[in-house]
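The residues making up each chain are set out below.
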Amino acid sequence: MSRGGEEEEGGRGEGRSRNTQVPVKLLRAHSDDVTGARLCFDDRFLLSCSSDHRAILWDLESCRPLKVFDELHSNTITECSQIPNTNRMVTVSWDKMMVSTDLETGQTLWRSKQAGLLSSCSSSSDGRLLVCASDPQNCVSISEASSGRTLHLLTNHHRSTITRCRFDPRSQRVVTVSADRCIKLWDLLAQKTTVSIDSHHGNVVSNCCFTSSGYFLCTASWDKSLKLWDLQTGGFRSQGGITLQRGHEGIQPSWCLALMIVLLHSGIRGPGAGHWS
């Protein structure tokens, strides 16, 4: 696996990018495209999922799988996430199932069938709630993490496929981005959409994430740009988003973002996963 077409040097799952000399660890076990990857448990482990219908928990020190979960879904797993304050994970798939699994025992705790093909999922920071997005209904489901019971179902939330859904750091709002190029924030207390933004991205908005404070939102698009949105002061209403461009040759829908202002960790497409120090 290479980053940006570059090859790495070294063996045993470790090396360096030849151009940047950034330390790289290669994690190989999937047999098809890796669709998602999330650091977990104080960044000592990694969760990945794939079109090979499997999710894997990796030890980053040894670059080896600790557990392989291969009987969770019957189709591509589109996203996975550890549920905070627990040893559980949630996975979603094109088989329309959202599944909660014990990472230690491998036991399936519950399965919840949704209306359509599931494109994204996330957990609230307190570990109490889960959100997932389904296609082609363009709907969002908010559920109890402990049982999978649906609490809120937002139908026709966007005009096209929802590509990513995330809770804000305070677990008060859910942000969604979509192929319709819109950004929406749904308030859990008011139980309604309180912010709707035309992103003016030139193509599908493929990903999003909050800063740790929740004051800024970052969006990524197939137009090869990132935008920062000032949610604290509402500056986006008059000034729009701050565009960050010319830094990528392309942004894939499976890239995941984590930033303090702009600090990015990326998931990798292909049958391996990579980790940069």
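The structure under discussion appears in the preceding block.
This is a predicted model, so every value here is computed, not measured. (Residues numbered from 1 in each chain as written. Predicted model: local features only at pLDDT ≥ 70, side-chain atom pairs only at ≥ 80, totals over all residues. Heavy atoms only, no water.)

## Topic: the nonpolar core
Piece 1. Leu47, Ala55, Leu57, Phe69, Leu72 and Met89 are the most contacted members of the largest nonpolar core, which totals 14 residues.
Piece 2. Elements represented by at least two residues in this core include exactly strand S5 (45–50), strand S6 (55–59), strand S8 (77–83) and strand S10 (97–102).
Piece 3. Here this core gets three residues from one element, more than from any other, and that element is S5.
Piece 4. The residues touching Met89, leaving out its near neighbours within four places in the chain, are Leu47, Ala55, Phe69, Leu72, Ser81, Gln82, Ile83, Val99, Ser100, Thr101 and Leu103. (Core = buried A, V, L, I, M, F, W, Y, C linked by side-chain atoms within 4.5 Å. Buried < 20%, exposed > 50% of the residue type's maximum accessible area, 1.4 Å probe, protein only. Helix = DSSP H or I, 4+ residues; strand = E, 2+ residues; numbered from the N terminus. Contact = heavy atoms within 4.5 Å.)

## Points about the side chain of Asp180
Piece 1. Within the fold, Asp180 resides in the loop between strand S17 (173–178) and strand S18 (182–187).
Piece 2. Despite its burial, Asp180 pairs with no opposite charge, the nearest such side chain being Arg159 at 4.5 Å.
Piece 3. Look past the residues within four positions of Asp180 in its chain and what remains in contact with it is His158, Arg159 and Ser160. (Lys, Arg positive; Asp, Glu negative; His and termini not counted. Salt bridge = Lys/Arg side-chain N within 4 Å of Asp/Glu carboxyl O.)

## Things to note about the pairing of strand S12 (residues 117–123)
Piece 1. Counted residue by residue, S12 has six buried out of seven residues, so it is predominantly covered.
Piece 2. The sheet contact formed by S12 and strand S13 (residues 129–135) spans six bridges and is antiparallel. Note on S13: the bridge partner recorded for Cys121 is Cys132.
Piece 3. Between the end of S12 and the start of S13, which pair antiparallel, lie five residues, with Gly127 showing a positive phi angle near 75°. (Pairing = 2+ DSSP bridges.)

## A look at unusual backbone geometry
Piece 1. Note that the residue after Asp135, namely Pro136, is joined by a cis bond; omega there is 10°.
Piece 2. Positive phi outside glycine occurs at Phe41, with the angle close to 50°.
Piece 3. Secondary-structure assignment places Phe41 in the loop between strand S4 (34–40) and S5.
Piece 4. Phe41 sits in the partly exposed class, given a relative accessible area of 23%.
Piece 5. In this structure, Lys96 takes a positive phi of about 75° despite not being glycine.
Piece 6. As for its placement among the helices and strands, Lys96 is situated in the loop between strand S9 (88–93) and S10.

## So, the sheet that holds S8
Piece 1. Ordered by their spatial adjacency, four strands build an open sheet running S8-S9-S10-S11, and the pairing between neighbours is antiparallel. On the outer flanks of this sheet lie S8 and strand S11 (108–113), each paired with one strand and no other. Taking each pair of neighbouring strands and ignoring which way they run, the sheet shows an average axis angle of 15°.
Piece 2. As paired strands, S8 and S9 are joined by six bridges and run antiparallel to one another. Counted as the bridge partner of Ser81 is Val90 from S9. (Axes fitted to C-alpha atoms, helices over the stretch in contact; angles between N-to-C directions.)

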